[in-house]
Amino acid sequence: MPVLTSNLGPRGSGHPGDARAGAYQENRAAMLERLTELESALRQARGGGGDKYVTRHHARGKLLPRERIELLVDRDSPFLEICPVAAWGTDYPVGASVVAGIGIVEGVPCVIVANDPTVRGGAVNPFSLKKTQRAGQIARENRLPLVNLVESGGADLPQQAEIFIPGGAAFRDLTRLSAAAIPTVAVVFGNATAGGAYIPGMSDYTIFVRDRAKVFLAGPPLVKMATGETVDDETLGGAMMHGVRSGLADFVAEDERDALRLARSCVRNFDNTAKTRMFGVEPKYDADDLLGIPSADLRVPFDPREILARVLDGSEFDEFKPAYGPALCTGWGAIHGHRVGVLANVRGVLFSAEAQKAAQFIQLANASGTPLVFLQNTTGYMVGSEYEQGGIIKHGALMINAVANSRVPHLTVNIGASYGAGNYGMCGRAFEPRFLFTWPNAKSAVMGPQQLAGVLSIVARQAAEAKGHAYDEEQDRTMRFMVEHKVEQESAALFLSGRLYDDGVIDPRDTRTVLGLCLALVGTGDRGQFGVFRH
Ligand code: COA
C-alpha cells in the first residue's frame with residue numbers, strides 16, 4: 001500500500017526556511033489560543049451552576065451529572081461527550097444544563113443524557129431541548145439504548161414560550177425509540193415535575209431513588225390551588241409511592257449509587273443477542289431440594305425464587321419491579337446459557353397490579369427478543385366487588401392479551417396450581433407455549449374441587465327456592481362429595497397429561513435440563529412491534 005508523504009517533511013528545527021517556521025508557527029499559536037478558549041468553555045460547562053450550587057448539591061449527599069455518568073459506565077471506558085458547549089455565546093449557561101454523550105454500559109454502547117441540577121435547578125431551556133433531541137436522534141439512527149439521568153425543574157419557566165410546544169417532541173421521541181425496540185431507561189434522582197414526569201412515564205425501565213425522586217404532574221402547591229387538597233411530596237410522588245402504589249417506578253433504589261447499579265443491571269438484560277457470561281454455570285443450590293420445596297397441600301404457597309435458585313444459571317436472577325404486584329415474581333436470568341424472562345406466581349392469586357406488571361414485562365421481553373418461562377402456581381384472578389370495581393377483568397384481559405400476542409417463545413411449567421383464567425394469563429396450553437410440562441404434584445381445573453361443588457350447590461339451592469321447592473340437603477351432600485371427588489381426579493397431573501394437555505409430567509429435578517433443551521430449540525422469535533406500555 002502506498003505511503004503518503006508530507007510537504008512538511010520530518011519534524012524540523014523551526015529555523016527560517018524550515019517548513020515548520022513562519023506561517024506554520026503563527027497558525028499553531030492561533031490554534032492553541034482557540035484551544036485555550038475551548039478549554040475555558042469546557043471548564044465553564046463542567047463547572048455547572050458554579051461553586052455555590054455545586055457545594056450545596058454535594059452537601060445534600062447528591063452526585064453531579066458527570067459523577068453519575070462515571071458510575072454508570074464501565075470502569076476505564078471512554079465517554080464521547082456531545083455538544084458539550086451548547087448555548088455558548090448565548091444568555092444561557094454553557095452546556096445548556098444537561099450533559100449528553102455516548103458511554104459503554106455493561107459492554108453496550110448507550111446514549112446517556114444527564115440533567116445538571118446545579119444549573120437553574122436543571123431547568124430545560126431551548127438549547128437543552130436541542131441538545132437532548134440531538135442525543136435522541138443519535139440513539140434512533142444508531143439503534144443505541146438511551147439512559148436518562150433525571151433531575152430537573154422542568155421547563156425554564158421565564159422561557160416557556162420557546163420550549164413548551166416544541167418540548168413535546170422529547171416525549172414523542174422517547175416512546176418512538178421504545179416502539180423501534182430501542183430500550184430506554186430513566187433513573188430519577190430528584191425532581192421530575194409536570195412534563196418532566198413523562199420522561200420516566202415514557203421510558204421502558206424506571207428507577208427512582210428512595211426519599212429523593214419526586215415525580216408528579218403538579219407539586220403540592222399547584223395541587224392545593226387546583227383541587228384544594230393538602231398533600232406532601234412523598235405521598236404525591238415519592239419513590240416508594242410509585243414503587244408500591246402507582247407502579248411508575250419499576251425499581252426503588254436505596255441511594256444514587258444503588259440506582260446506577262440497577263440501571264447497569266437493566267442494560268445487562270436488554271439484548272438477548274448479547275452473549276451471556278453465565279454460560280453453563282450450575283445453580284448454587286441442590287436440585288434435590290425441588291422435591292421438598294413445593295407444598296404437598298396446594299393451598300400452602302411456596303416461594304418460586306426457591307425454585308429459580310435451583311434452575312437458573314449460577315442461581316442469578318435480576319428481579320423486575322419487585323415492590324409492585326408482589327404476588328407475581330418477574331425477572332431475568334439464564335438457563336444453560338440461554339437468557340430468559342421468568343413469570344412465577346408467588347401467592348396464588350393474581351390482582352390487577354400483578355396483571356399489569358405481567359403485561360409490561362412481556363412487552364419488555366418482546367422488545368429484547370427474550371424467551372419467557374412461566375412457572376404456574378395460581379388459583380386465578382382475584383374475585384369480589386372491590387376487585388371487580390378496580391377493573392380486574394380489564395387487567396386480566398390486558399395480561400391475557402399480552403400473552404396471546406407475544407411473539408417470543410414461551411415455555412410453561414405447572415409447578416403447583418393452575419386454576420381459572422390464571423391458567424390462561426400464565427400461558428396455559430390454549431395459549432400455545434412452545435412446550436408445557438407439569439410437575440407430578442400439580443393440578444389444573446376451572447376452579448378447586450370444593451369451590452366447584454359449592455358453586456353447584458348454591459345454584460341448585462337457588463333454583464329450588466325460585467320454584468318454591470324444599471332443598472334436599474342429603475342429596476346436596478352426596479352431590480358435593482361426588483363432584484369434589486370427580487374434579488379432584490380430573491385436576492391431577494397424570495389425568496391431564498393423559499389427555500395431552502401438556503408435553504409431559506417431569507421430575508422437578510429435571511426442570512433445568514428440560515428447559516435448557518427446549519431453549520436450545522426455540523430460538524428467540526420475533527421482536528414486538530409495539531413500544532412498552534406501563535399499564
Ligand atoms: N425555571 C427557571 N428557573 C428555575 C426553575 C425553572 N423551572 N427551577 C429552578 N430554577 C432556578 C431557581 O429560581 C433558582 O434560581 P436562583 O438560585 O437564581 O434563585 C435556581 O434555579 C435553583 O433553584 P432552587 O429552588 O434553589 O434549587 P433546589 O435544588 O432547592 O430545587 C427544584 C430545585 C427544581 C426542585 C425547584 O427549584 C422547583 O421546584 N422548581 C420549579 C419546578 C416546576 O414546578 N417546574 C415546572 C415544570 S413545567
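See the structure above.
As a starting point, this report considers the structure included with it. None of the values given here were measured: they were computed from a predicted structure.

A short note on a nonpolar patch on the surface
Moving on, step 1. Side chains of Met 31, Leu 32, Leu 35 and Leu 38 sit close together on the surface and give an oily, nonpolar patch of about 370 Å² of accessible area.
Moving on, step 2. One can find Leu 35 in helix α1 (residues 23–46).
Moving on, step 3. Of the residues examined, Leu 35 reaches a relative accessible area of 44% and is grouped as partly exposed.

Overview of the pairing of strand β16 (residues 435–438)
Moving on, step 1. Where strand β15 (residues 410–419) meets β16, 4 bridges bridge the pair, whose relative direction is parallel. Bridge pairing links Thr 412 to Leu 436 in β16.
Moving on, step 2. In this region the chain leaves β15, passes through helix α15 (residues 420–425) and returns to the parallel neighbour β16; the handedness of that crossover is right-handed.

A few points about unusual backbone geometry
Moving on, step 1. Despite not being glycine, Asp 76 shows a phi value in the positive range, around 60 degrees.
Moving on, step 2. On the secondary structure map, Asp 76 appears in the loop between α3 (65–72) and β1 (79–82).
Moving on, step 3. With relative accessibility at 79%, the residue Asp 76 sits in the exposed group.

Observations concerning the site of the ligand
Moving on, step 1. As a matter of local geometry, the ligand sits amid 14 residues, with Tyr 53, Arg 56, Arg 60, Gly 153 and Ala 155 nearest to it.
Moving on, step 2. Within the side chain of Arg 60, a nitrogen or oxygen atom sits 2.7 Å from an oxygen atom of the ligand.
Moving on, step 3. Here Ala 155 contributes a backbone N or O atom positioned 2.8 Å from a nitrogen atom of the ligand.
Moving on, step 4. For the ligand, the accessible surface in isolation is 870 Å², of which the surrounding protein chains cover 55%.
Moving on, step 5. Looking at the shell around the ligand residue by residue, the classes come out as 6 nonpolar, 4 polar and 4 charged.

Some thoughts on the environment of Val 94
Moving on, step 1. Structurally, Val 94 can be placed in the loop between β1 and β2 (98–105).
Moving on, step 2. Each C-alpha atom, one on Val 94 and one on Gly 454, is 73 Å from the other, the two residues being 360 residues apart in sequence.
Moving on, step 3. Excluding anything up to four places from it in sequence, Val 94 contacts Ala 41, Gln 44, Ala 45, Val 85, Ala 86 and Trp 88.

Concerning the pattern of salt bridges
Moving on, step 1. Under the definition given, this model contains 32 salt bridges.
Moving on, step 2. For Arg 172, the salt bridge identified is with Asp 173, shortest N-O distance 2.9 Å.
Moving on, step 3. A relative accessible area of 16% means that Asp 173 is categorised as buried.
Moving on, step 4. Across the pair Asp 476 and Arg 480 runs a salt bridge, and its minimum N-O distance is 3.6 Å. A residue pair is termed a helical-turn pair when its members lie 3 or 4 positions apart in one helix, as Asp 476 and Arg 480 do in helix α17 (residues 473–491) at 4 residues.
Moving on, step 5. Salt bridges here are not isolated pairs; linked through shared partners, they connect Asp 74, Glu 106, Arg 264, Arg 268 and Asp 318.

Reading the values: the criteria
- The residue numbering used here restarts from 1 in each chain and proceeds along that chain's sequence as written.
- In keeping with the model being predicted, local features are shown solely for residues with a pLDDT of at least 70 and side-chain atom pairs are shown and tallied solely at 80 or more, while totals for entire chains, interfaces and linings include all residues.
- With hydrogens and water set aside, each side-chain value is computed from the structure's full complement of heavy atoms.
- Think of a patch as exposed residues, more than 30% relative accessible area, with no salt bridge, where like charges cluster within 9 Å and nonpolar side chains (Val, Leu, Ile, Met, Phe, Trp, Tyr) cluster within 5 Å.
- Surface exposure here means Shrake-Rupley accessible area, sampled with a 1.4 Å probe, where a residue is shielded only by the protein chains that are shown.
- Take a side-chain nitrogen of Lys or Arg and a carboxyl oxygen of Asp or Glu: if they are within 4 Å of each other, that pair is a salt bridge.
- Strands are runs of DSSP state E lasting at least 2 residues, helices are runs of H or I lasting at least 4, and numbering of each runs from the N terminus.
- The cut-offs for exposure are 20% and 50% of the maximum accessible area for each residue type, with area from a 1.4 Å probe on protein chains only; residues under the lower value are buried, those over the upper are exposed, and the others partly exposed.
- Strands were regarded as paired on the criterion that DSSP finds at least two bridges between them.
- Classification remark: right-handed applies to a crossover when, strands pointing away from the viewer, the course from the first strand over the helix to the second runs clockwise.
- A single heavy atom is enough: if one lies within 4 Å of a molecule or strand, its residue is considered near that molecule or strand.
- Any pair of nitrogen or oxygen atoms within 3.5 Å is treated as a polar contact; in protein, a donor-acceptor pairing is required on top of that, and neighbouring residues in sequence qualify only through side-chain atoms on both sides.
- By the convention adopted, Pro, Cys, Tyr, Trp, Phe, Met, Ile, Leu, Val and Ala count as nonpolar, Lys, Arg, Asp and Glu as charged, and the other residues, Gly among them, as polar.
- Two residues form a contact once any of their heavy atoms are found within 4.5 Å.

Remember that the coordinates give geometry; whether it matters functionally is a separate question.
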